[in-house]
Every structure is written in C-alpha cells, then in structure tokens.
4 protein chains.
Amino acid sequence: MSAPELDPEVAALAARTAEFVRDVVIPAEPRDRSEHGLDETLRAELQTAARAAGLFAPHVPRDLGGLGLDLRGQAAVFEAAGYSLLGPQALNCAAPDEGNMHLLEVVATPAQRDRYLRPLAAGETRSCFAMTEPPPGAGSDPAMLGTTAERVDGGWVINGRKRFITGAVGAAFTICMARTGERIDRGEGATMFLVDAGNDGWRVERVMEMIDRAFPGGHAEVVFEDCFVSDEAVLGEVGLGYRYAQVRLAPARLTHCMRWLGLARRALDDALDYVAAREAFGAPLGELGMAQRMIAESVIDIESSRALIWHAAGVLDGGAHGRHESSVTKAHVAEAVNRVVDRAVQLCGGWGVSTEGRLGRYLAELRPFRIYDGPTETHLWAIARHALRVRAGERDAEVRG
Amino acid sequence: MSAPELDPEVAALAARTAEFVRDVVIPAEPRDRSEHGLDETLRAELQTAARAAGLFAPHVPRDLGGLGLDLRGQAAVFEAAGYSLLGPQALNCAAPDEGNMHLLEVVATPAQRDRYLRPLAAGETRSCFAMTEPPPGAGSDPAMLGTTAERVDGGWVINGRKRFITGAVGAAFTICMARTGERIDRGEGATMFLVDAGNDGWRVERVMEMIDRAFPGGHAEVVFEDCFVSDEAVLGEVGLGYRYAQVRLAPARLTHCMRWLGLARRALDDALDYVAAREAFGAPLGELGMAQRMIAESVIDIESSRALIWHAAGVLDGGAHGRHESSVTKAHVAEAVNRVVDRAVQLCGGWGVSTEGRLGRYLAELRPFRIYDGPTETHLWAIARHALRVRAGERDAEVRG
Amino acid sequence: MSAPELDPEVAALAARTAEFVRDVVIPAEPRDRSEHGLDETLRAELQTAARAAGLFAPHVPRDLGGLGLDLRGQAAVFEAAGYSLLGPQALNCAAPDEGNMHLLEVVATPAQRDRYLRPLAAGETRSCFAMTEPPPGAGSDPAMLGTTAERVDGGWVINGRKRFITGAVGAAFTICMARTGERIDRGEGATMFLVDAGNDGWRVERVMEMIDRAFPGGHAEVVFEDCFVSDEAVLGEVGLGYRYAQVRLAPARLTHCMRWLGLARRALDDALDYVAAREAFGAPLGELGMAQRMIAESVIDIESSRALIWHAAGVLDGGAHGRHESSVTKAHVAEAVNRVVDRAVQLCGGWGVSTEGRLGRYLAELRPFRIYDGPTETHLWAIARHALRVRAGERDAEVRG
Amino acid sequence: MSAPELDPEVAALAARTAEFVRDVVIPAEPRDRSEHGLDETLRAELQTAARAAGLFAPHVPRDLGGLGLDLRGQAAVFEAAGYSLLGPQALNCAAPDEGNMHLLEVVATPAQRDRYLRPLAAGETRSCFAMTEPPPGAGSDPAMLGTTAERVDGGWVINGRKRFITGAVGAAFTICMARTGERIDRGEGATMFLVDAGNDGWRVERVMEMIDRAFPGGHAEVVFEDCFVSDEAVLGEVGLGYRYAQVRLAPARLTHCMRWLGLARRALDDALDYVAAREAFGAPLGELGMAQRMIAESVIDIESSRALIWHAAGVLDGGAHGRHESSVTKAHVAEAVNRVVDRAVQLCGGWGVSTEGRLGRYLAELRPFRIYDGPTETHLWAIARHALRVRAGERDAEVRG
C-alpha cells in the first residue's frame, strides 16, 4: 500500500496496522462466536492490544487519546484494519461508533464531549444512531420522518419508532433524530437528541434478524415512548438535525468504504490462495483464463475503489462537504466490493459457499452495504441530478458568456 | 403460465400445482424450522396432501404411482412447485432424489428397481448421490476420481471420501461412484454402486456448514472404508459409471433450473408487492424508473430462462442427450435466477437483507446453484469448445464441398 | 437449426435458405457497394435467384406468391436469411417492406391490396412507413404526434414532418400516420394514409447521415405539405391508426430480431474462424480461457434470443397480440446481438475494428437496433408496468379469494 | 476539475485549456472534413493558436519549448484537450507523436534529439511507431516479432512488414522495432531504428480501412524491404528495443486514457444537453429514472477513470515503471469510456446513431481503444498474473516468517 498519495508516516502506520491484523487480530477470529458481533471480552482484549501497539483510535483527535489522522490517513489505516472483521473493533474505528465520534467532535458541547465522546473514544462505551424508521417513516426520503420531539417544561418528550438501529443493544447512548418543526426542508425541521441507555422512555423492542452479524449489538428496532430528555440532551442547535446528519454522513460513508475495501482484499487473497493450491484439468486453477479474468476484474474493482476513496477523502480534508464525491464513491465501492466477494466465492467453488471457509459469511456481511447509508439507486439518483445541474449551469454560463 | 408450447393438460396440471402451493404449501412454510431442510413429519404431511390433490411425483412413471410427465411437462410443473422451497418436497420431486429416480429408472435391474426405486418414488425413503470428492479428487474434472472399488470374492470393496453429498443424513441408500479401471476416459473406468444406509463400511463424517439449508439432510462429508457390497450392488455395467452419470446429469441440471426458476418468480413477486406498497419521494417505489428497470430485467431473466429450459427439455424429450443445450440452459439460468433474487433484495432495501422477509434466505439458497452441477465457468468452457468444434466441422465441410 | 419446436418442412426450408445464403448471397456481398443498402440491380438479381430456389417471400400468403409461413416458420427462415445483410433483400423479407406487407394484408381493402400489396410482395416495389417525427413530435410517446390530416372535400390534406423514415428514397408509396382527432388516446385519434411517391405534396427533404447503411434508401426526413389524398388512401378505419400500428408493431419487432440474430451468428462464426487460425502465447486464441468465455457468452446470448423469439412467435401465431412477449424479446435480443458483435470484434483485435473484415461494419449496422422499434429502456418500462399490473391483479384475486 | 491532488498552477492551466478548447478548437470542428484526421492546414492553424495561448506542448520539456508538465499535470491538461478530437492536435500532444517525443527524450542521442525530437516537439513534423505486424508476427506476444535487422557494413538492413501503423502517411520518420538477436526474451533481442521518410527501403503499402478516422495519416500497412540505415539510426542500445518499448508503453497508455476521458466527458455533456431539452411522457428525459441511472453510471465511470489515471500518473512520476498501475488503468478506462459513449448514444436515441450528432462518430473513434495498446483481455491476464505473483510472495514471506 505504498503510494505517491500517502504521507510516509501514514504509510508506515498502515503497514503496522496490517501486521497487527495479521499477527494479532486474525489469530483471534476463531474465538469470535457470538451471534451479533464479537463478545465484549474479546473486543476489550483486542483493543488493549491495539493500544499497546500504538494503533488505537486512529481517527480520534490526539487530545482524546487518538492518532489524529485526517480522512486520507484513515483511508489507508481503516482499509488495513478492515482486512479482518474484527480489525475495526480492535482499533475502535467501527461503525456506528466511529461516525458518532466524528459527529460529537464537531457538534457536541464541552459537557457533552466529556460525558459522551471521551468514554466512546476510549473504547469504554458503545453508541448508536437512530434515524431510519419503519414505513411510512424516514428512509431514503428524510421528509417522511415520523418520530417527534415535543418541547415540554425543562426539556423534550420524544415519541417514535426506529428500525435497523445498529448497535442499540449494549449502547451507552443513542443519538435520536426527531421532528421538531412543521416541515422538513433544506436540512431544517428536525433535531438530534442524546438519549442515555438508562432512560425509561427508551427501549430495544427486538433485535432484527438480518443476514449480517458482524456489528456488535446487531440491528434493532427501538421505541421512544414519552421519552423525556432535558435541554442538555439537544445535540447542536434545535431544528438543524439534518444538517448535522450531513456532517456525519459523507465521512461515515467513506469510512464504511475503507473498511469494506479491506475485507474485499481479504476475500480476493483467500481466492488467490485457493486457486494457487487447487488443480483442475492438469493445471492450477490460477492459470485458467476464466479464473484470471475474475481475479483481474477484482483487482480493478479494488484499485478503482481505493482511488475514489482517496480522492473523496482529499476533497473532504480540504474542507468541502464532498456530498457528490462521497456519493460517487459509496455507489461504486458498495457494488465493487460485493462483486469482489462474489467472484472470490465463485473461484473457490464448493468451499466458497461453505461457511467453513470465510467467503460464505463475507457474502452475507457485505450484501447490506449496497443498501444502508443510501441504497446504490438513491446515490445514482443524486449523482445524476448533480450532473444535470452542473451541466445546466455550464450552459447558462455559456449563454450569458 | 399458459403458452403455445404447453399441452393443455399439462398447463392445467401446472395451474393446479400453483394453487396447491399457494393454498397448502406456503401456509406451511412458517413451520419449516429445521436447520437442514424441513423436518420429516412436515414433509410426510405435505406429501400426503399432494397425493390427495393428484399432484404427487409428476416425473415418475405411472406404473410407479407418478404422473408420467416428460421433461417439458416437468418444466411447467416443477417451476410451479419451486415457487415455495417446500413445494418440490411436497411433490417428491426435489434433488437429489428426483435425479436418482430417473437414473434408477433407466439403469436399475428389476430387483434394484423394486428395492430402491419403488419406495423412493413413493416418498417412503430418501437417497443421495456420492460423486464429488475433497481435493485432489473428483470435482469438475472426472479424471481425478480417487475413490476406488476393488473386486473381491462375491463383490467389491469401496474405499474413499466424498464431499458435498446432499441428503446423506437420513438417506436409505447412496449411489457411489468409484474407480474400477486404470484410467478414467470417455466415460469408462468408473462404476456406480448402491450402498445401503445400514452398511457398516459407510458413514457420514460430518454435515458441512453451508450457506444454504433447504436440502433435507444438508450436504455431508461421507467416508467409505473397506465398504463391502455384493455384485447386486453394481448399478448398470461395471466400468460405465460416468456414462450413467451423463444419463442423470443433463436432466438433473434442467430440473434444478425449473425448480429454482419458480423461486426466482417468488422473489420477484415479493419485490413487486413491496414496491407497490412502499412510497418514497411522493410516489410508490414501483413508479420509479430505477425500480422499473430492475423489475423488467428480472422479467427478462425469468422469461429467457423459461424459454431455454423448455427448448432443452424438448431436445431431451426427443431422445438426444442434450449435453450442449443443458449446459447453455444451466449456465444462463443459474446466473439469471441469482440476479433476480439479488435485484429483489435491492428493491426491498432493509427488509430485503433481513431474514424476517424471505429474500435474505433466498440469496443464500440460490447462490450455490452457480457452483454445483458444474460451476458456470465449467459450462462456459464446454459451450465454447462445442462452438469451436461445430464451426470447425462446418469449415471442413465447406472445404470438402 | 434442427429443433423439436420446428416442423420438419420448415426446418428443411431453413436449411435450404442457409445453403442459398452461403452459395449465392454471400458470394455477391463484395458487389454491394452502394452507400445506402444494395443497388437495385443486385437486389433484383438476388430476388430472381431466390425465386428460382423456391425461397422467395416466405412470409407472404401463397395466393400472393409467397410461402405462407407463420411467424414460427419465419423465425427459422429469417434467421438463416439474416446471416448475410443481403439475405433478407434476396428473399424480399427485409424491413420495412416486410412489416408493411403484413399490415396491408390485415388492413387493406381489396383495391389497396391489388394496388399496393401485390407488387410489393412480388418485389417490384419498395415502401416506407412514416410515423416518427422530429422533436417535439411522435417518438416513444405517441401522444406527441404532430402531423395532421384535415378532412377536405373528397379526401384529406396532410401536413407534417417525419424523421428516420427508412427506405423513403425509392419507395413507391409511404404509409403515413397523421392526427385526425383531438386526442391521441387508447389507440384512437390517428389515421394511416397511403401516399403515392408521385404525390406532389410529399417530398424527401434529405437522407439522414446514420451510422448504419444496410437499408435500401437509407433513413430520410420527409415532409408532407398540403398533401392531398383521396378517401381511398385511408388505410383501415379513420381514427384507428395506432391500433393498426400495433398490428404491425409486435410481429415487425420479432422479424427484426430474427434477421439480426442471423447476423449475430455470422459475427460469431467470423470470430470462431479467426481464433481458430490465430495464435498467441503458443496456442490458438480459441484455447485461451478469456476467449472461450466470450465465445460461450455469445452462444448463450444467441440461443436465449432464439428461444425467446420462438416462444413469442408461437404466442402471436396463437392469435394473441403478444405485446408483452414481443417487448421482452425485442429488449433482450437487441442487447444480446449487440453484445455478440461487440465480443466478436474484441476477439478479432485489430482486424475486428478494421472495415476490411466485416465486423466493424456489423457494429454500426446493429447499434441502432437498440433504439428503433422502441429503445430498450422504453421496452423495460413497458415490461415493468406489465409485471406490476399482473401482480396487482393476482393480489386482488387473492384478496377476493 | 479543481481537486486536492492538483497543483493550483496545473489546475489553472487545465482550466485555460478547457476554455481554449471551447472557444477556439470546438468552433473549428466543422472544418475537419478529411478522411483521416484533420488536414495539415487546420492542424497548423490550431497549433499556432495554442502557442499564442501558452498551451502548446504541455508535456515537452521547457528547453524544447514545452510546458514541462509531469504526468499528473498532463492528466489534467490532456483530459481538457481531449474534450475535442482536435484538442490534442492543437496542443501537439496527440498519439503517436506524444509517446514518441517521450521515448526520444529518454533514449535519443543528442544528435538524434536535434534531428528528430526538436522539430517533432515544435509541431513541424509528425512521426510513427512501427511495432505491430500482420499474423503470425508481433501482436500481444512480442516473441513473435518477424521483422529483422541484419548488421551490414556501416549499418543495418531491415526487412519486414508492419500493420496498424498510426500516422505513417505524412510522417517524417518512423521508429521501427526489428529483431536483432536469436531470441526475444526479457526485453532483449530486438532493436529500435529511426527510419527517415525519404529512405527508399521503406514504403506505405496502403492505408487500412478502419472504423476510426481521427488520427492524422490513419493506420497503415508499411513495408521495409532491404531498408538500409546507418549506425546512427539505432535508437538506444542494440538489443534493448523492447526495454525502450516499455519506457514508451506505460506513459503512452496513460496519455491515451487522459485524452479519451476528455472525449467521454464531451459525450456525456452532449447527452445531458439532449435529455434536458427533450421531453417524453410529460417530463424532460433527464427526469426519468432510467435516464438518470445511465447518467450516474457514466459519471462514476468518468470519475473512477480519472482517479485511476491520477494515481498511476503519480506512481510513474515517482520514478516507478508503473506497469501494473498502467495496465489496471488502461483496462478500466478503455472499457469505461466506451460505456460512457454507448450510454450517451442510447440516451440520445435516433440522434445518437445519426452522424449528424457527434456521438455516432465517437462510438467508432473510441471502440478501437479497447484493442490497441493491449486489448483489455491482455491487460486482465497481466493483472491476474501480477496479483497471483504478489500474493505468492506474501505467502512465502509468512512461511519464512
């Protein structure tokens, strides 16, 4: 992973991360037996090892104990961590905590920072982010937000139901998006609230049965019922919840891409090992043209994904919101990493669809990524409208010329 | 499913099968809770219902209690049955039993027919087919067959290990392919043996953990260790095992295609129901162009699959071995039905990747079909060589004039 | 091309057509030098030969001198004819004449039949069909029809402009679609008129420069300016023009598919010959896995196209309008034959993109087929809406029980 | 085209190039009427304009009158130039001259530099590069090189035939690859020679008829017959011709990608303009989901292409040979830009396949790029072998610990 775009220090850190994953994290994988993500003991143990190796919390500011990498730096390190499903847990840079840390860092008050961000960044707590709702509520279309927060004396009362809430079980707090205005428009009309796990007005109704199981706590349906929170629970300004969601969204999409890219590389490596070892028709599978085509297409998928991630990360590091770039990257990478894993399965034949190899599981872990953080089709729609708008602007400029 | 190619009686039978699946089989689906295929009680109950409805064993000759359909007739009925994962079980036309029945019907002696085929056709027993081996044994390349049968006094002794043996647990007998000659060549050098479940020289070593779980008994690794069988256990002639495998292979590929095509239709229907009910951006999802594109592509995949199946079935019904046609059909259908399910998942978003809906499971059930019965790439290789050979023949004919 | 679906007589006719194309038509190809389709002399010469071989006008009723094949019969023969770009010209079954013959046969009065259909079927004249208009006129959306016909004393006066009118130059008459009602709705509001080439109110404004050039007369922009026609020029009933267009449309789509399928086979054969003769890296190209994959994918494209064509032809032969089946077939075949030619080009490398080989030209000839007779996307839209409607009907039926 | 990767000066230069193309080059396009590339008068006029605008020869070292950009700089400027087929001609950075300039700059003696490179860089001459041969000669497999150079008194005598030699007509000199050793192996055994246009032993036998026509001089078949050249004609060291070919190859691939990416953007812009202006079914085409999908996929193709180009350019600028990166980039970009143009054609319907719009021509201009400079399949093969080799190395390292 040396590349002209990488700072040598970052490249060295990524290399050390890769070694750590190979020597410490991967050997721990067989111990990961829990239904939803790894058990907390193993998670703590791996985080201790990562801390000792100087690799903990690469994205967290130095004053909070992290390595203070910008997004380009994260791109290299998160990919290396994502090579194992446990890697991001070990480095405390897994979703949804990593995105929540970023959001809190930008928006939280000093008190909220101390109370919520500091222990989260230290790996002492987990968190969740409650935005998506069951139909006909908020999904791809934010205007359909159904959860409400009503102002009452000394605070707010939240009512609503959320679905696909990753990590809700075991989270110390949830960040809840609720409607606080008449209309949801241009990023206004909704507010984010910090709700403690101990709050009686909040409960996990059930853990949903999903095809993936790598996220600690799984994906839950949660209910807010006359859930009172004080004014101190408001995250940022009242009414600007969707603007802050944007703050979280673009980088969170990219960091997902980074981690899953690492897993795609793992899948390809598994397949490369398999085709080197297995023969058919008198030659190693790896010498067959059809296998080579699949391998090469996966390499191209991986390298084009990385190139887009690094570009988008650079745009965001430069201060732009990068909504278009993160959409392009997410749409491409989500499809690409799924293709890579699918080809790896196909290259490995029966072993590929067993769950004794890893690939069968990776298929299930990666498939939802084409849907969450915006289904591919929603991104395509946004990308097309952006292109039409930009081009219309160019035509106008020429006319006015 | 009315079509000019269908005999009206067959069309009526297929329609009745569809009703039976809708009214009897699908309501039983929630009771299907076992890890590997449905439990035997539920299976027996559904078979009784199918028998009562006059739909049992559509592919079995009338003298054995079946409906005596040719492959074209099976195409229509098996697709209707495959609309539920339990449908083929109910009709006793699921793999691998259905293919074994066909093989026994063509090759078995009258005594073997009575002992093995009759109870199998009646749904009283299950069976398995043991050909694939762990590396470096027989997979896509039959020449690598490692299991041997040595002639001894009064019979044979089989030694070897087989893998991915569907339905081995609970099978009353297995059909085992073993090397009985020096060289495997042009369909000669191997022999098929009927091995009873009670034979001490045979055991299921483990059920493999695979991503699918619809086949009763799962997929097992089985071991033959000094497994003695008498001469009566030889199926067909000694040495011609691979020729008989061909007898089984082409129709078995097609019937897989038929059943899975039914499931693909189910997946599309689930998605059609979903997009009709769910709104985004002010319109039902089904009115969005991107959703419509996915729907239409799935319709084309389904209808082209059916057209190829019916054509190939007609070729086989006409007496040809249909190896080329069944390869083309299997390669196309296996990819097509997987695309259909994948698009259905994508259309249904979060619900699609939950296992609360059916689609997440269908993804896992269908994925291996691109690998078993010949990976797509093996079929592509055979199809290309066939095309090159046919065209070379045409060139030769032109030169000779 | 023997197949269970084919009547032996039809199979024999298709075989004789293939021989005729090989022995008579292909040797004439080097003499085809005209810019837009072959010159009329060569066309006449080939038609004489086809008549002598008993192959002329296979789709035309016997009483008009044809072979009277139904659509399934045409499927086999037209594919064989389409193996050369000149084949359909030789058999007088090329577009747009072939579709016009069908339309006239169904709709024309006896007098119109004598005057227009008889000489057209005999190959003595050519014709054209004028429906598409320049924007914002009629394209995929018939409601935008801009050309009008006003009733006047003793007839009608047509005004309007049509574009992409294939074969207008040299046509003896054109069939013109014009608005005769207030609203275009449910196939009503427009009327078809037969306009003689000698009519002063009609002119070819220019032949459009298109990437294809196989259609005699090319594709023209034509203008109707105060074009008077008598009442005898009305084709069918006033106001039902779009209904008759449907009569022409579905079979005309299918016959396009049949002919282009023949050309796709030719392209694949060219590539098969090339890869058999040319070596790289110590082996014939045809033994390289990447080449084999492309070959096999093309075989699947060809055979699935044929299977869909035969199925749809059977549906139409059975008396159904077959709109859905012809849409599915057209959308699949147009994409498939283009993929086949594209792969053939790629397999042949530099020779493939030269116009010294045939493939470079075939690329250009086939590309527009993804657009005319309904762009693929328009068909996908229709297919999706059909699927949604059918499924909604099933849900309603289930609710009503 | 502002981006974090771009030096602000380079970004400004690219922006000025884009303006120059829009204001000067595109208006000259209608005057480009020649069969093979633009006529020399127009070329000279545009180069004068580019010189005046300070944009001439961006890749040429400053001491030779150029702008001295490294490959990353070229990436931005060449893409802007490629937005018109005439842009690279105007800036004197078109193939094959641009690649030849780079080769001469690295390998030529001072005398050769003065005689060949200086006038070429100044736009006073054109050149060609003669490597590919008719079968069974050198194509994808260099070992098949058939052209020989025999050492004679005072020089060499070249004999052989070359094919697809771009720009041979009108070239002041050709760089000819000839066999000078027994075996072609590891880049040794062949030598490059500079052959003047006036040399009697050299002739253009014919200009090949290809589907593209944007390269001045077209693509020719050339013959070397007892072609005597002096020792001064040897380019670089005897025997190392293929090593120098590598020097030329990787950057020449990338610069092709850069220029064609510009044309792909043009095609997309044409389509965006079209769908914004044209309506169907009551809305602009650009608001239809199917159109939006095609637009968005093209945006992703363009942005992933650019990201890979910039990455590979950075690798080469850093001094690495970048063979792998340039293969990945070429394979992806060649396919991607062809998809973009194909979608643009489809979006524009009938206008897309007319040659009155530009898109029909772009289809033909871009198609060969999937074949020359290494067919996509050859690159896939190289990429797969690289991946297998790298991974085998990692396994070895792990074993050795």
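What counts, and at which threshold
- Residues numbered from 1 in each chain as written.
- Chains lettered and ligands numbered in written order.
- Predicted model: local features only at pLDDT ≥ 70, side-chain atom pairs only at ≥ 80, totals over all residues.
- Helix = DSSP H or I, 4+ residues; strand = E, 2+ residues; numbered from the N terminus.
- Rg over C-alpha atoms; globule rule 2.2 N^0.38 Å.
- Contact = placed C-beta atoms within 7 Å.
- Domains from an automatic or database assignment.
- Nonpolar A, V, L, I, M, F, W, Y, C, P; charged D, E, K, R; others polar.
- Axes fitted to C-alpha atoms, helices over the stretch in contact; angles between N-to-C directions.
- Parallel < 35°, antiparallel > 145°, perpendicular 65-115°, else oblique.
- Left-handed = near helix turned anticlockwise from the far one by under 90°.
- Least-squares fit on C-alpha atoms with pLDDT ≥ 70 in both.
- UniProt positions renumbered as here; feature names shortened; annotations may be inferred.
- pLDDT = per-residue confidence, 0-100.
- Buried ≥ 20, exposed ≤ 12 C-beta atoms within 10 Å, placed from the backbone.
- Core = buried A, V, L, I, M, F, W, Y, C linked by C-beta atoms within 7 Å.
- Expected span 1.5 Å × (residues − 1).
- Bend = angle between axes of the 7 residues up to and from the residue.

1. Some remarks on the overall build of chain A
Thinking step 1. Summing up its helical and strand segments, chain A has 11 helices and 10 strands in all.
Thinking step 2. Computed over its C-alpha atoms, the radius of gyration of chain A comes to 22 Å, within 12% of the 21 Å expected for a compact globule of 401 residues.
Thinking step 3. Counting only C-alpha atoms and orienting by the principal axes, one finds that chain A spans roughly 80 × 65 × 40 Å.
Thinking step 4. Of all intrachain contacts in chain A linking residues separated by at least 6 positions in sequence, the fraction that spans at least 24 positions is 72%.

2. Focus: the domain arrangement of chain A
All names here are of chain A.
Thinking step 1. When its domains are assigned, chain A resolves into domain 1 (8-121), domain 2 (127-239) and domain 3 (243-400).
Thinking step 2. Relative to domain 3, the C-alpha centre of domain 2 lies at a distance of 29 Å.
Thinking step 3. Residue-level contacts link 11 residues of domain 2 with 11 residues of domain 3.
Thinking step 4. Split by residue class, the side of domain 2 that touches domain 3 holds 7 nonpolar, 3 polar and 1 charged.

3. Structural notes on the packing of helix α9 (residues 323-353) of chain D against helix α10 (residues 359-366) of chain D
Residue and element names in this part refer to chain D.
Thinking step 1. Between α9 and α10, the shortest axis-to-axis distance is 8 Å and the interhelical angle comes to 150°. In this view, α9 runs roughly antiparallel relative to α10, as classed from their interaxial angle. Seen from above, α9 lies across α10 with left-handed handedness. Where α9 approaches α10, its residues Val337, Asn338, Val341, Asp342, Ala344, Val345, Cys348, Gly352 and Val353 are matched on the opposing element by Leu359, Gly360, Tyr362, Leu363 and Leu366.
Thinking step 2. Taken together, the residues of the contact of α9 with α10 break down into 10 nonpolar, 3 polar and 1 charged.

4. Looking at the interface of chain B and chain C
Thinking step 1. Taken together, the contact pairs 36 residues of chain B with 36 residues of chain C.
Thinking step 2. For the side of chain B that touches chain C, the elements supplying multiple residues, two or more each, are α7 (241-277), α8 (289-317), α9 (323-353) and α11 (376-400) of chain B.
Thinking step 3. Counting residues per element, the side of chain B that touches chain C draws most heavily on α8(B), which supplies 15 residues.
Thinking step 4. Taken together, the residues of the side of chain B that touches chain C break down into 20 nonpolar, 7 polar and 9 charged.

5. Remarks on the relation of the copies chain B and chain C
Thinking step 1. Note on the identical chains: chain B maps onto chain C by a rotation of 180° and an axial translation of 0.0 Å, with an RMSD of 0.0 Å. Put plainly, the chains are arranged around a two-fold axis. Within chain B, B:Ala307 has its C-alpha nearest the rotation axis, a separation of 2.6 Å.
Thinking step 2. A high fraction, 100%, of the interface residues of chain B reappear at the interface in chain C, so the copies pair face to face through one surface.

6. Description of the interface of chain D and chain A
Thinking step 1. At the junction of the two partners, chain D supplies 36 residues and chain A supplies 36 residues.
Thinking step 2. Listing elements by their share of the side of chain D that touches chain A, those giving two or more residues are α7 (241-277), α8 (289-317), α9 and α11 (376-400) of chain D.
Thinking step 3. With 15 residues, the top contributor of residues to the side of chain D that touches chain A is α8(D).
Thinking step 4. For the side of chain D that touches chain A, the class distribution of residues is 20 nonpolar, 7 polar and 9 charged.

7. So, the packing of α11(B) against helix α8 (residues 289-317) of chain C
Thinking step 1. Where α11(B) meets α8(C), the axes come as close as 8 Å, and the angle between the chain directions of the two elements is 85°. Compared by their axis directions, α11(B) and α8(C) come out roughly perpendicular. For the pair α11(B) and α8(C), the contacting residues are B:Leu380, B:Trp381, B:Ile383, B:Ala384 and B:Ala387 in the first and C:Gln292, C:Arg293, C:Ile295, C:Ala296, C:Glu297, C:Val299 and C:Ile300 in the second.
Thinking step 2. Class assignment of the residues belonging to the contact of α11(B) with α8(C) gives a composition of 9 nonpolar, 1 polar and 2 charged.

8. Re the environment of A:Ala57
All names here are of chain A.
Thinking step 1. The residue Ala57 is located in the loop between α2 (40-52) and α3 (71-82) in this model.
Thinking step 2. Residues Ala57 and Ala122 lie 65 residues apart in sequence; the distance between their C-alpha atoms is 7.8 Å.
Thinking step 3. If we skip the residues at most four places from it in the chain, Ala57 touches Gly65, Gly66, Leu67, Leu91, Asn92, Cys93 and Ala121.

9. Regarding the relation of the copies chain D and chain A
Thinking step 1. Of the transformation placing chain D onto chain A, the axial shift is 0.0 Å and the rotation is 180°, giving an RMSD of 0.0 Å.
Thinking step 2. Here 100% of the contact residues of chain D are again contact residues in chain A; the copies associate through an equivalent surface.

10. A word on the UniProt feature "domain: Acyl-CoA oxidase/dehydrogenase middle" (unreviewed entry) in chain A
Thinking step 1. Listed under "domain: Acyl-CoA oxidase/dehydrogenase middle" (unreviewed entry) in the UniProt record, and renumbered for this structure, are residues 128-227 of chain A.
Thinking step 2. With 0% helix and 49% strand, the stretch residues 128-227 of chain A has end C-alpha atoms that lie 17 Å from each other.

11. Observations concerning the confidence of the model for chain A
Thinking step 1. The pLDDT averaged across chain A works out to 94; a share of 98% of its residues lies at or above 70.
Thinking step 2. Across the predicted assembly, pTM comes out at 0.97 and ipTM at 0.95.

12. Let's talk about the environment of C:Gly73
Thinking step 1. Tracing the sequence through the fold places C:Gly73 in helix α3 (residues 71-82).
Thinking step 2. Since 22 C-beta atoms lie within 10 Å of it, C:Gly73 is described here as buried.

13. Digging into the UniProt feature "domain: Acyl-CoA dehydrogenase/oxidase C-terminal" (unreviewed entry) in chain A
Thinking step 1. UniProt's entry tags residues 241-387 of chain A with the feature "domain: Acyl-CoA dehydrogenase/oxidase C-terminal" (unreviewed entry), counted in the numbering of this structure.
Thinking step 2. Across residues 241-387 of chain A one finds 80% helix and 3% strand; the C-alpha atoms that close the span lie 27 Å apart.

14. Some thoughts on unusual backbone geometry
Note on backbone geometry: most residues besides glycine have negative phi, and most peptide bonds are trans.
Residues and elements named next belong to chain A.
Thinking step 1. The omega torsion across Ala95 and Pro96 is 0°, close enough to zero to call that bond cis.
Thinking step 2. Along the chain, Pro96 falls in the loop between α4 (87-90) and α5 (97-107).
Thinking step 3. Of note, the amide linkage connecting Pro135 to Pro136 takes the cis form, showing an omega dihedral of 10°.
Thinking step 4. Along the chain, the position of Pro136 falls in the loop between β1 (127-130) and β2 (148-152).
Thinking step 5. Unlike most non-glycine residues, Asp226 shows phi in positive territory, near 45°.

15. Structural notes on the nonpolar core
Thinking step 1. If you look at the biggest cluster of nonpolar residues, it comprises 556 residues, and the most contacted ones within it are A:Phe193, B:Phe193, C:Phe193 and D:Phe193.
Thinking step 2. Not counting chain neighbours up to four residues away, the residues in contact with A:Phe193 comprise A:Ala149, A:Trp156, A:Ile158, A:Cys176, A:Ala178, A:Val229, A:Ala233, A:Val234 and A:Leu235.

16. Some points on helix α5 (residues 97-107) of chain C
Residue pairs spaced three or four apart in an α-helix point in one direction, given the helix's 3.6 residues per turn.
Thinking step 1. When α5(C) is considered as a whole, its buried residues turn out to be C:Asp97, C:Glu98, C:Gly99, C:Asn100, C:Met101, C:Leu103 and C:Leu104.
Thinking step 2. Packed against the buried residues of α5(C) are α6 (110-121), β1 (127-130), β4 (173-179) and α7 (241-277) of chain C.

17. Quick word on α7(D)
All names here are of chain D.
Thinking step 1. The end-to-end C-alpha distance of α7 is 53 Å, a good match for the 54 Å that 37 residues give at a rise of 1.5 Å each.
Thinking step 2. Maximum bend of α7: about 25°, positioned at Leu249, with proline Pro251 one to four residues after it.
Thinking step 3. Most of α7 is tucked away, with 29 of its 37 residues classed as buried.

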